[in-house]
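A look at the structure
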Number of protein chains: 4
Amino acid sequence: MPMAVDWRSGAPGYRQVIDDIVDQIKAGKLRPGDKLPSTRELTAHYGVSETVIRMAMVELKARQFLIGQKGKGVYVATLD
Amino acid sequence: MPMAVDWRSGAPGYRQVIDDIVDQIKAGKLRPGDKLPSTRELTAHYGVSETVIRMAMVELKARQFLIGQKGKGVYVATLD
Amino acid sequence: MPMAVDWRSGAPGYRQVIDDIVDQIKAGKLRPGDKLPSTRELTAHYGVSETVIRMAMVELKARQFLIGQKGKGVYVATLD
Amino acid sequence: MPMAVDWRSGAPGYRQVIDDIVDQIKAGKLRPGDKLPSTRELTAHYGVSETVIRMAMVELKARQFLIGQKGKGVYVATLD
DNA sequence: GTGGTCTAGACCACC
DNA sequence: GTGGTCTAGACCACA
């Protein structure tokens with residue numbers, strides 16, 4: 001679980017964020033229904049801008065790993 | 001007459017509340033002098049937080065559709 | 001031109017914000033097409049939370065004094 | 001520190017609430033700058049209605065023991 | 001980094 | 001118990 005994005009790898013920052021979160025879900029560290037840290041906290045954790053976090057969120061929601069609830073937070077999706 | 005805000009439509013919740021109430025007034029379902037349900041009941045009816053209802057009220061009062069009376073209720077405005 | 005909302009007056013903060021902006025428009029200090037300070041700057045200027053500024057914006061847009069453009073800014077409306 | 005108002009004493013409920021809070025301030029259990037429990041919690045604590053708590057608050061603020069901050073809470077006043 | 005929308009939950013004035 | 005006002009802080013769309 002990297003504390004920050006590794007810029008030397010060449011991979012886009014948001015890709016690394018996506019992979020890290022997907023890994024955590026698959027490893028069971030993040031479980032269905034869990035609330036993710038706030039966007040602001042994630043920017044600090046990964047050392048990237050809010051835009052990078054948002055791009056990662058767009059994909060993770062499209063892939064149905066996460067569900068955003070306005071004004072509340074972002075949650076790990078539960079199985080249908 | 002929608003029972004609740006439709007989040008899929010993309011339209012802001014408070015806009016849907018405004019439109020729904022204006023429609024009811026124009027359709028004569030709500031008539032001048034009528035008392036609206038309490039703010040708390042409206043939150044339940046539309047499935048939104050009180051702030052959303054309040055923002056709708058701010059606009060509806062600015063547009064002179066409604067008149068609020070503290071401690072009593074919100075009423076449909078009478079014609080000038 | 002008040003620097004901040006006056007809580008002693010009894011008037012709601014958002015009403016004071018509305019009146020101050022309307023006054024500035026009517027006095028020609030804010031002219032059609034002018035860009036307002038950012039929402040965050042206005043909160044600092046008036047000493048209120050963002051919600052108070054937003055409630056003022058809802059009414060000022062309903063009354064067609066202002067036009068908001070997402071990602072750009074809020075502008076004084078031009079005459080019809 | 002009574003958990004609830006004693007209705008047998010004949011003293012108005014709000015008087016007992018006032019006295020209890022003043023006692024706690026004088027005894028140093030509540031200190032300048034401390035935040036009081038929310039109104040809702042106080043109603044539960046003293047076993048009285050919100051109106052009774054509000055009446056107590058009106059007097060305690062008039063006597064400058066407490067200071068209310070809208071949207072935040074009620075605080076024990078600091079010395080001038 | 002801007003505007004926009006929303007939740008949650010305080011206190012306040014009035015009936 | 002009603003409406004009214006406010007704080008704090010989320011996420012979201014756009015540039």
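Higher on the page you've got the structure.
In this report, the structure presented in the accompanying data block is examined. (Residues numbered from 1 in each chain as written. Chains lettered and ligands numbered in written order. Predicted model: local features only at pLDDT ≥ 70, side-chain atom pairs only at ≥ 80, totals over all residues. Heavy atoms only, no water.)

Taken together, the contacts link five residues of chain B with five residues of chain C. For the pair chain B and chain C, the two sides together bury roughly 580 Å², of which 86% comes from carbon and sulfur. For chain B, the biggest contributors to the area lost against chain C are Met55(B), Val58(B) and Ala62(B); these three give 68% of the whole. At the junction of chain B with chain C, the criterion picks out zero residue pairs in polar contact (both at pLDDT 80 or more). Taken together, the residues of the side of chain B that touches chain C break down into four nonpolar, no polar and one charged. (Contact = heavy atoms within 4.5 Å. Buried area = accessible area lost by both parts, 1.4 Å probe. Polar contact = N/O pair within 3.5 Å; in protein donor to acceptor, adjacent residues only side chain to side chain. Nonpolar A, V, L, I, M, F, W, Y, C, P; charged D, E, K, R; others polar.)

Below, the discussion takes up the arrangement of the chains. Separated throughout, chain A and chain C approach each other most closely at a C-alpha pair spaced 13 Å apart. Taking C-alpha atoms only, the smallest gap left between chain A and chain D, which are not in contact, amounts to 18 Å.

This next bit is on the protein's contact with DNA strand E. Neighbouring DNA strand E are 36 residues, the closest being Trp7(B), Gly13(B), Thr39(C), Arg40(C) and Arg54(C). Here the atoms of DNA strand E within 4 Å of the protein split so that 67% fall in sugar or phosphate, with bases taking the remainder. Between a phosphate oxygen of DNA strand E and a side-chain N or O atom of Lys61(D), the distance comes to 2.8 Å. Taken together, the elements giving at least two residues each to the surface near DNA strand E come down to helix H1 (13-26) and helix H3 (50-62) of chain B, helix H2 (39-46), helix H3 (50-62), strand S1 (66-69) and strand S2 (73-76) of chain C together with helix H3 (50-62) and strand S2 (73-76) of chain D. A breakdown of the residues in the surface near DNA strand E according to their chemical character gives nine nonpolar, 16 polar and 11 charged. (Near = heavy atom within 4 Å. Helix = DSSP H or I, 4+ residues; strand = E, 2+ residues; numbered from the N terminus.)

Interpretation note: all reported values are geometric properties and have no functional meaning in isolation.
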